[in-house]
Amino acid sequence: MSYDSQLLKHLTAMKNLIRTFLFLISMPLIGQENARLSLEHYGDYEWASNPRLSPDGKEVLYSRTWINLVDDKRETDLWIMNNDGSMNRFFLNGSNGKWSPDGTKIAFVKKGEPQGTQVFVKYLGVEGEPTQITKLEKSPSGIEWSPDSKFIAFTMHVDADPALKPLGVPAAPKGANWTKSPRVIDQVDYSQDRVGFLERGFRQLFIVPAEGGTARQITTGDWDVSNGTAWTADSKSILFSSYREPGAEYARGQSNLYSANINTLEIKELTSREGSEYSPKISPDGSKIAFIGSTWSKNFYQDRKMYVMKLDGAGLECITTSLDQTPGTPTWSAKSDGVYFNVREYGQSNVYFAGTNGKVKKITSGNHMIGLGDIANGRAVATWTDPHNPSDIITFNLDSPGKITQLTEVNSDIFYNVKFGDVEEIKYRSVDDKEVQGWIVKPPQFDPNKKYPLVLRIHGGPHSMYHVGFNYNFQLHAAQDQVVLYTNPRGSTGYGYEFANAIQNAYPGNDYDDIMKGVDEVISKGYIDENRMYVYGGSGGGVLTSWIVGQTDRFAAASVNYPVTNWFSFVGTTDGAGWYYNFEKYPWEDPSEHIKRSPLMYVDNVKTPTMLMCGENDLRTPISQTEEYYQALKMNKVPTVMVRFNEEFHGTSSKPSNFLRTYGYLNAWFDKHPVKKDLSGEIVNK
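All values derive from a computational prediction rather than experimental measurement. Sequence positions are assigned chain by chain, starting from 1 and proceeding in written order. Confidence filtering applies because this is a predicted model: local features only for residues at pLDDT of at least 70, side-chain atom pairs given and counted only at 80 or more, and all residues used for totals across whole chains, interfaces and linings. Water and hydrogen atoms were dropped before computing side-chain values, which therefore reflect all heavy atoms in the structure.

Further remarks concern the overall build of the chain. The secondary structure listing takes helices from DSSP runs of H or I that are at least 4 residues long and strands from runs of E that are at least 2 residues long, numbered from the N terminus. Counting its regular elements, the chain contains 11 helices and 38 strands. Restricting the calculation to C-alpha atoms gives the radius of gyration, and the globule rule supplies 2.2 Å times the number of residues raised to the power 0.38. A compact globule built from 686 residues would reach a C-alpha radius of gyration of about 26 Å, and the chain, at 26 Å, matches this within 12%. With respect to the principal axes defined by its C-alpha atoms, the chain has extents near 75 × 70 × 65 Å. By residue count, 53% of the 686 residues in the chain fall in the buried class. For the chain, the share of sequence-separated contacts (at least 6 apart) that also reach a separation of at least 24 residues comes to 55%. When the accessible surface of the chain is totalled, it reaches about 31000 Å², and 49% of it is carbon and sulfur. Counting 71 positive and 80 negative side-chain charges, the chain places the averaged centre of each group 1 Å from the other. Residue exposure (1.4 Å probe, protein chains only): buried if accessible area is under 20% of the type maximum, exposed if over 50%, otherwise partly exposed. Residues are treated as being in contact if the distance between any of their heavy atoms lies within 4.5 Å. Only the protein chains shown count as cover for residues, and all accessible areas are computed by the Shrake-Rupley method using a 1.4 Å probe. Note on charges: Lys and Arg go in the positive column, Asp and Glu in the negative column, and His and the chain ends are not counted at all. Here the site of a charge means atom NZ of a Lys, CZ of an Arg, CG of an Asp or CD of a Glu.

Stacked, edge-to-face and tilted are the three classes for Phe, Tyr and Trp ring pairs, Trp counted by its six-membered ring, which pair at centre distances within 6.5 Å; planes under 30 degrees apart are stacked, over 60 edge-to-face, the rest tilted. The tally for this structure, following the rule as stated, stands at 45 aromatic pairs. Centroid distance Phe154 to Phe206: 5.7 Å. Interplanar angle 5°. Geometry classified as stacked. With Phe154 in strand 10 (residues 151-159) and Phe206 in strand 13 (residues 201-209), this pair connects stretches of sequence that are 52 residues apart. What makes Phe154 buried here is its relative accessible area of 0%. Counting every residue linked through ring pairs, the aromatic cluster contains Tyr42, Tyr45, Trp47, Phe415, Phe420, Phe470, Tyr472 and Phe659. Geometrically, a charge over a ring is one whose NZ (Lys) or CZ (Arg) sits within 6 Å of the ring centre while staying within 35 degrees of the ring normal. When the ring centre of Phe120 is taken as reference, the NZ or CZ atom of Lys110 above it lies at 5.0 Å. Its end group placed over the ring of Tyr307, Arg273 keeps NZ or CZ at 4.7 Å from the ring centre.

It is worth spelling out the packing of helix 6 (residues 510-523) against helix 7 (residues 540-549) at this point. Axis angles are defined between N-to-C directions and span 0 to 180 degrees, where every axis is a line fitted to C-alpha atoms and, for a helix, only to the segment in contact. Where helix 6 contacts helix 7, the two axes come as close as 11 Å, and the packing angle between them is 80°. Judged by the angle between their axes, helix 6 and helix 7 are roughly perpendicular. Between helix 6 and helix 7, the residues in contact are Asp511, Tyr512, Ile515 and Met516 and Leu544, Trp547 and Ile548, respectively. Each angle gets one of four labels, with under 35 degrees taken as roughly parallel, over 145 as roughly antiparallel, 65 to 115 as roughly perpendicular, and the rest as oblique.

Time to look at helix 7. A large share of helix 7 lies buried, amounting to 10 of its 10 residues. Listed as buried for helix 7 are Gly540, Gly541, Gly542, Val543, Leu544, Thr545, Ser546, Trp547, Ile548 and Val549.

Moving on, we get to the pairing of strand 36 (residues 557-561). A large share of strand 36 lies buried, amounting to 5 of its 5 residues. Both faces of strand 36 are covered, namely the face carrying Ala557, Ser559 and Asn561 and the face carrying Ala558 and Val560. Bridging between strand 35 (residues 528-538) and strand 36 involves 5 bridges; their strand directions are parallel. Bridging across to strand 36, Tyr536 finds its partner in Ser559. Tracing the backbone out of strand 35, into helix 7 and back to the parallel element strand 36 gives a crossover that is right-handed. What makes two strands pair is DSSP finding at least two bridges between them. Here 4 bridges tie strand 36 to strand 37 (residues 610-615), and the two strands are oriented parallel to one another. In the sheet register, Asn561 faces strand 37, and the bridge partner there is Met613. Convention used here: a crossover is right-handed provided that the path from the first strand, over the helix, to the second strand proceeds clockwise when the strands point away from the viewer.

Sheet architecture is open: 4 strands sit in the order 5-6-7-8, paired in antiparallel fashion. With one partner strand each, in any of the chains shown, strand 5 (95-99) and strand 8 (131-132) form the two edges of the open sheet. Sheet topology places strand 5 next to strand 6 (residues 105-111); 3 bridges connect them, and they run antiparallel. Looking at the pairing, Lys98 lines up with Ala107 of strand 6.

Remark: nonpolar core denotes a set of buried residues (Ala, Val, Leu, Ile, Met, Phe, Trp, Tyr, Cys) joined through side-chain atoms within 4.5 Å. Leu456, Val519 and Ile548 are the most contacted members of the largest nonpolar core, which totals 46 residues. No other element matches the 6 residues that helix 6 contributes to this core.

Glancing now at the confidence of the model for the chain. In predicted models, pLDDT denotes the confidence assigned by the predictor to each residue on a 0 to 100 scale. Looking at the chain, pLDDT values average 92 and 94% of them are 70 or higher. Segment residues 1-13 is flagged for pLDDT under 50; beyond a separation of four residues in sequence, or across chains, it makes 5 contacts in the model.

This part takes up the sheet that holds strand 37. If you walk across this open sheet you meet the 8 strands as 31-32-34-33-35-36-37-38, and the pairing is mixed. This sheet does not close on itself; its edge strands, each paired only once, are strand 31 (423-429) and strand 38 (640-645). The mean inter-strand angle of the sheet, taken between neighbouring strand axes irrespective of direction, is 20°. Contacts from helix 4 (residues 472-479) reach strand 31, strand 32 (435-441), strand 33 (452-458), strand 34 (483-488) and strand 35, with the element oriented near 150° to strand 34.

Moving on to the side chain of Asn411. Locating Asn411 in the fold gives a position in the loop between strand 30 (400-406) and helix 3 (412-415). Those residues within four positions of Asn411 in sequence are excluded, and the remaining contacts are Asp44, Tyr45, Glu46 and Pro390.

Pasting the structure below:
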């Protein structure tokens, strides 16, 4: 056995020992009868994702993510099982696993030599370690097998020359310790959250032989290639999304589909609509392309549909005109007569089918979140979760989709005796007679005759959707005898285009009323203590939380997490110029809209004790937004603290330790303000 093989074996053994240790130290807690969820469970929590069927449909490859509290990170392994869930076993360390079309090998990515992430291939039925087939200086992404299983395509950043080099600067003296050279920036978008400053250059398309070798660059030029590529059936060309036009960096909501011949490097433009096209998939018969596209508009929210066209770009047709929802990535039927895809709607996610004739039908139904992973030989595999079950892998036959078989139970070992809170769906009318959907999470052993604190949680985005999938945070609150309310106010996705776009040039606006009407709805049920109501949210939820405390004093305490509080200073400092387009005018033309919609402008109304939490490295809603609001609260003598998370970009939970701390600080802040008081310290509504 090689030294590397021995090292890998020892590292794997150590990882398993760590997991066993973490499980054992939590045993006193989870061994209780009808235990409640706690932060201690989190160290053993796992996620199942990305299921892929072998080409013959007999085996399932999937990812399993676990928490390494020792190294403070989440790690992902690949597991494999039979299509009935039997022989479920660890396969190897790595992620993003994909079967070769001939079914003889699996490609995946993990850390390798000389540095960073590399592409590996594991030959099935062959002893020995996986083969590292790349030696790249940058990290690859979006790996895709060629149909003949000979090549793997991927995208990777390629550096460009510096925008400007200084002239006439003398060389540093021998032994000098000069300050690091300045960073010269000339891009419109020069930073990205969770990445940092972007290197000057562009993401290009590459291929590498499946047996290993030198990666060959297929595309060039001053244009980025998006992830989500597709090979033609003859393995000679690759389809990709880009926008290869002058001034591309200023284009908003624009991309086209192209094909690149891997031998001649000829690029052909397949679409030229005003709008975006992405996620191309080629039909099994090799004659058609399905993709997701949107028609360009000035609106905040862009409507997306499923399109089909011939391989040369002719005969473009939308096949989901009758569906007022956003389709997920397409998966072709075996007969090439249509595509399967996910639709997230009304707090659920299910599988739909759209025929090339334009007829759309719902395939699965239920109060759950299904994420379609793969289809082979009439069988589908997917992720699945519902209000009381974390993410697992399921399978069903396409000709009898009502019968769903659960293949994994990755958290049954820690949740076998945990009593979760029940989740109740509510619907209510808001201003303009808008119907709004929400959910109430009740404590275990809920007693409707008691009075409970209320925790209102607001989602970010703002174009996103709360749903019925298992939510660790909500269940933690419920386990502490708090009632949780979460809703999808206007601006949320899953309720059609008009509902999602209802906050166009009006954010925050009536979405505030939608949320407050939800609070009134829960209070009307008679089990909420109105002196013990709390509110928090992050990102877009932070925007609305800071807006709420400037409009009402009905909450005992609030936590404004990684928010935008001043649109005027935000639009030029966030990671990208796109937010400039979400106002009628540029702020230097007329700042009135930016000012009117900024929570900072209403801080003089705030009476609610308000905590702020933000990552030190946040580039999406920079920490200066938090600082502005904190200083304003302090000047007005409103009770406040600012919690600045180290090694965090947007959010406060990318590291397991910070997830635990986030919830711990929420507990502490709400505990510090157990009942609503006025600023003089007097209890309101004694």
